Amino acid sequence: MHWNKTYVLLVRFAVLSVLLCLPLTSYAQDYSFSLDQEIVDVWINQDGSVSLEYWFTFTCDPGAHPVDVVDVGLPTDDYSLADVRADVGGQPISFIEESEYVTYGVAVWLGDATIGPGRAGTVHVVVDRVGGMVYEDSDDAEYASTEFSPTWLDSQFVHGTTDLAVSFHLPPGVGVEEPRWHHSPSGWPQEQPDTRLDEEGRVLYTWYNAAAAPDRQYTFGASFPCQYVSEGAIQKGPSALETIFSAIIGCCPVTIFLTIVAGIIGLSVWGNRRRRMQYLSPSMKVEGVGIKRGLTAVEAAILLETPLNKVLTMILFGLLKKGAVTVLDDDPLKIQINEPLPEKLHPYEEKFLKAVKKDRTLGESRLSSTMTGLIKAVNNKMKGFSRKETVVYYRDIVGRAWQQVEGAETPEVRSKRFDEGLEWAMLDEDFEDRTQRVFHTGPVFVPMWWGYYRPWARTPSGAGPRGAQTGRAPTQAPSLPTLPGAAFAATIVRGVEGTASNIVGSLSDFTGKVTKVTNPPPKRSYSGRSYSGKGGSSSCACACACAGCACACAGGGR
């Protein structure tokens, strides 16, 4: 049976589009804006990296949520936040962090430059270096190539068309007659880019479309002689397995092809469900030498792969002990930040405090950012050390923390040891039962921070929320109030369990969002086609190193 070639191509494109675009992350539902203009400049450097410069012009719809943050996807993970800067109309942006919504990318928080309803603004973003962007040309051993897709947006929030211009500045020294441009995207008004020299004398390819779709991925590329980039900068193209798969797609009947795709999707769904809770980066599991000492209990919790809701609970209790916060209500969880804040808070504690919203509840978006930052920090600290030996070391600390509590000779000493090692004790898998066993009889001397944790409660001795009214750390009292041991144990256990349950809506969804950033699935590579500037075509294999590939919702506010 002979299939219509056009029909086969359409089916292939549609199925692959579904496969490559699932799943997409959505932002808050009240954003609505247009992307009036997007200008992108891509400088291809001799070391195989690229430098990027974006200009996004947004118009926020009247009555819509302000455009207060823009997520910009980046092609690879070989970049540094220190190399990213931004401004709005010349006003510098001070807060740029790793994006929670794209596998590789940055979140640019506009702050005072937020684009309000009914207003327009231009966001300017510069990324000095993104590495790993030059690939070998499979058709011509003397050529290398680069492909790139500029950031695109989610269709449920952006509307209208975009005046889009994408410019490639080829490596220094490339002659006008030497490079080859790749096919323009489907439906693009130009068959080939405009070609000229830029101010530095570099060959400049520019693709322009006055009515581009802001929610569509467009891919652009160029090939050039290998001699103009460093020898070690050129990466290999698709593997033999990828080539065989492409051949299968090209020759098998549509039914068989669809069956193969369905199987791949099924395996992908199964794999995603299994790995969404695995938030540790693979690099953290690479064995080094020796034990990494000096981690806090919260940092050790990450190393021990503790569920993230419990890690957040540990951070909260650490802040309570320092007098930095007061729990106003536990269902729903509401927190008051106490002023002045104590000195020398850990970075993850500072980010946790930034997650407290005006209504005193916690914003999951900022909590997710807190966790991604914490995991990356622990990963950096573990480089060169043995994870296995370090895990054993910190499990021993947890055990010794409980031994000190259980071995205390008086209720007062036992209460003090429990207070001092609370965060370590919480890492014990048997924390709830062990707490109730240890404190089931005798009095418990209530810790100094109890008034921050239960400001609405009073102990039998009449002690109130010491210091909670002023926001200052409580001072030492002549004698500590007591509670019956069983009542104290029950309160602590219920508090930890309740906080862990309420601090995020869905643990699976929350952890999955973090995992996409800290332990993303490997990025795919694709075969591309190049088209000679002289009119002749040639085959070119190069990875689709595209900004926003991992998420078609790469910016525009949330």
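Colleague: Just to check I follow, could you spell out the overall build of the protein for this structure?
Modeller: Broken down by element type, the protein carries 14 helices and 22 strands. In the protein, which comprises 558 residues, the share counted as buried stands at 51%. A separation threshold of at least 6 residues defines the contact pool for the protein, and within that pool the share at least 24 residues apart is 76%. Per element, the accessible surface of the protein, about 25,700 Å² overall, is 53% carbon and sulfur.

Colleague: Would you take a moment to explain the pattern of salt bridges for this structure?
Modeller: Pairs can form between side chains of opposite charge once their charged atoms are near each other. As enumerated under the stated definition, the model contains 16 salt bridges in all. Of the charged contacts, one joins Asp47 and Arg129 as a salt bridge, the two residues approaching to 3.4 Å between their closest N and O atoms. Here Arg129 lies in strand β8 (residues 120-130) and Asp47 lies in the loop between β1 (33-44) and β2 (50-60), a separation of 82 residues in the sequence. What makes Asp47 partly exposed here is its relative accessible area of 39%. The partner of Glu98 in a salt bridge is Lys376, with the nearest N and O atoms 3.4 Å apart. Remark: Lys376 occurs in helix α7 (residues 364-382) and Glu98 occurs in strand β6 (residues 95-98); sequence separation between them is 278 residues. Salt bridges sharing partners connect three or more residues here, namely Asp47, Asp78 and Arg129.

Colleague: Mind showing me how you'd approach helix α5 (residues 308-321) here?
Modeller: If you check α5, its first and last C-alpha atoms are 20 Å apart, about what 14 residues at 1.5 Å a residue would give, namely 20 Å. Following α5 by one or two positions, Gly323 adopts a phi angle in the positive range, close to 75°.

Colleague: How should the packing of helix α8 (residues 387-406) against helix α11 (residues 431-438) be read in this particular structure?
Modeller: For any two helices packed against each other, the geometry comes down to the angle between their axes and how far apart the axes lie. Two numbers describe how α8 lies on α11: the axes approach to 11 Å, and their chain directions differ by 15°. It follows from the interaxial angle that α8 and α11 lie roughly parallel. Considering how the two elements wind past one another, α8 and α11 form a crossing that is right-handed. On α11, the residues that touch Trp402, Val405 and Glu406 of α8 are Phe431, Arg434, Thr435 and Val438. Partitioning the contact of α8 with α11 into residue classes produces 4 nonpolar, 1 polar and 2 charged.

Colleague: Any chance you could explain the packing of α5 against helix α6 (residues 347-354) here in plain terms?
Modeller: Where α5 contacts α6, the axes come no closer than 10 Å and their chain directions differ by 95°. Judged on the interaxial angle alone, α6 and α5 are roughly perpendicular. Here α5 contributes Leu312, Ile315, Leu316, Gly318 and Leu319 to the contact with α6, which in turn contributes Tyr348, Glu349, Phe352 and Leu353. Class assignment of the residues belonging to the contact of α5 with α6 gives a composition of 7 nonpolar, 1 polar and 1 charged.

Colleague: Quick question: what am I supposed to make of the sheet that holds strand β7 (residues 105-109) here?
Modeller: One key point about sheets: their strands pair by backbone hydrogen bonds, in either a parallel or an antiparallel sense. The strand order across the open sheet built from 3 strands is β3-β7-β6, with neighbouring strands paired in antiparallel fashion. Each edge of the sheet is formed by a strand with only one pairing partner; in this case those strands are β3 (69-73) and β6. When the angles between neighbouring strand axes are averaged without regard to direction, this sheet yields 20°. The pairing of β3 with β7 spans 5 bridges and is classified as antiparallel. Across the sheet, Asp71 pairs through a bridge with Ala107, a residue of β7.

Colleague: Just checking my understanding: could you explain the environment of Trp424 for this structure?
Modeller: The topology assignment puts Trp424 in helix α10 (residues 422-426). Sequence separation between Trp424 and Ile397 is 27 residues; the distance between their C-alpha atoms is 7.5 Å. Those residues in contact with Trp424 that lie beyond four places of it in its chain are Leu295, Thr296, Ala297, Ala300, Tyr394, Ile397, Val398 and Ala401.

Colleague: Just to check I follow, could you spell out the environment of Pro193 for this structure?
Modeller: Along the chain, Pro193 falls in the loop between β13 (180-182) and β14 (194-197). By relative accessible area, which is 3% here, Pro193 ends up buried. In this structure, Pro193 is in contact with Trp181, Tyr205, Thr206 and Trp207, ignoring residues within four places of it in sequence.

Colleague: Whenever I open this one, the environment of Ser167 confuses me. Can you help?
Modeller: With respect to the element layout, Ser167 can be found in strand β12 (residues 162-169). Each residue touching Ser167, except ones within four places of it in the same chain, is listed here: Val40, Asp41, Val42, Leu204, Tyr205 and Thr206.

Colleague: Is there a simple way to explain the pairing of strand β10 (residues 143-148) in this structure?
Modeller: For a regular strand, the rule is simple: side chains alternate between the two faces of the sheet. Of all 6 residues making up β10, 6 are buried, and the element is well covered by its neighbours. Where burial is concerned, the two faces of β10 agree: the one with Tyr143, Ser145 and Glu147 and the one with Ala144, Thr146 and Phe148 are both buried. Note: β10 against strand β16 (residues 220-225), 6 bridges, orientation antiparallel. Paired with Thr146 across the strands is Ala222, a residue of β16.

Colleague: Before we go on, may I ask you to explain the packing of aromatic side chains in this structure?
Modeller: Each aromatic ring pair is specified by the distance between its two centres and by the angle formed by the two planes. Taken as a whole, this structure holds 15 aromatic pairs when the rule is applied. Taken together, a centroid distance of 4.8 Å and an interplanar angle of 80° make the contact between Tyr393 and Tyr394 edge-to-face. By the ring-pair criterion, three or more aromatic residues cluster together here, those being Phe168, Trp188, Tyr205, Trp207, Tyr218 and Phe220. Positioned above the aromatic ring of Tyr393, the side-chain terminus of Arg293 is 5.1 Å from the ring centre. Positioned above the aromatic ring of Phe95, the side-chain terminus of Lys354 is 5.2 Å from the ring centre.

Conventions and cut-offs
- Residues numbered from 1 in each chain as written.
- Predicted model: local features only at pLDDT ≥ 70, side-chain atom pairs only at ≥ 80, totals over all residues.
- Heavy atoms only, no water.
- Helix = DSSP H or I, 4+ residues; strand = E, 2+ residues; numbered from the N terminus.
- Buried < 20%, exposed > 50% of the residue type's maximum accessible area, 1.4 Å probe, protein only.
- Contact = heavy atoms within 4.5 Å.
- Areas by Shrake-Rupley, 256 points an atom, 1.4 Å probe, with all protein chains shown as cover.
- Salt bridge = Lys/Arg side-chain N within 4 Å of Asp/Glu carboxyl O.
- Expected span 1.5 Å × (residues − 1).
- Axes fitted to C-alpha atoms, helices over the stretch in contact; angles between N-to-C directions.
- Parallel < 35°, antiparallel > 145°, perpendicular 65-115°, else oblique.
- Left-handed = near helix turned anticlockwise from the far one by under 90°.
- Nonpolar A, V, L, I, M, F, W, Y, C, P; charged D, E, K, R; others polar.
- Pairing = 2+ DSSP bridges.
- Phe/Tyr/Trp six-rings, centres within 6.5 Å; stacked < 30°, edge-to-face > 60°.
- Lys NZ or Arg CZ within 6 Å of the ring centre and 35° of its normal.

Such coordinate-based values are descriptive only and should not be taken to indicate function.
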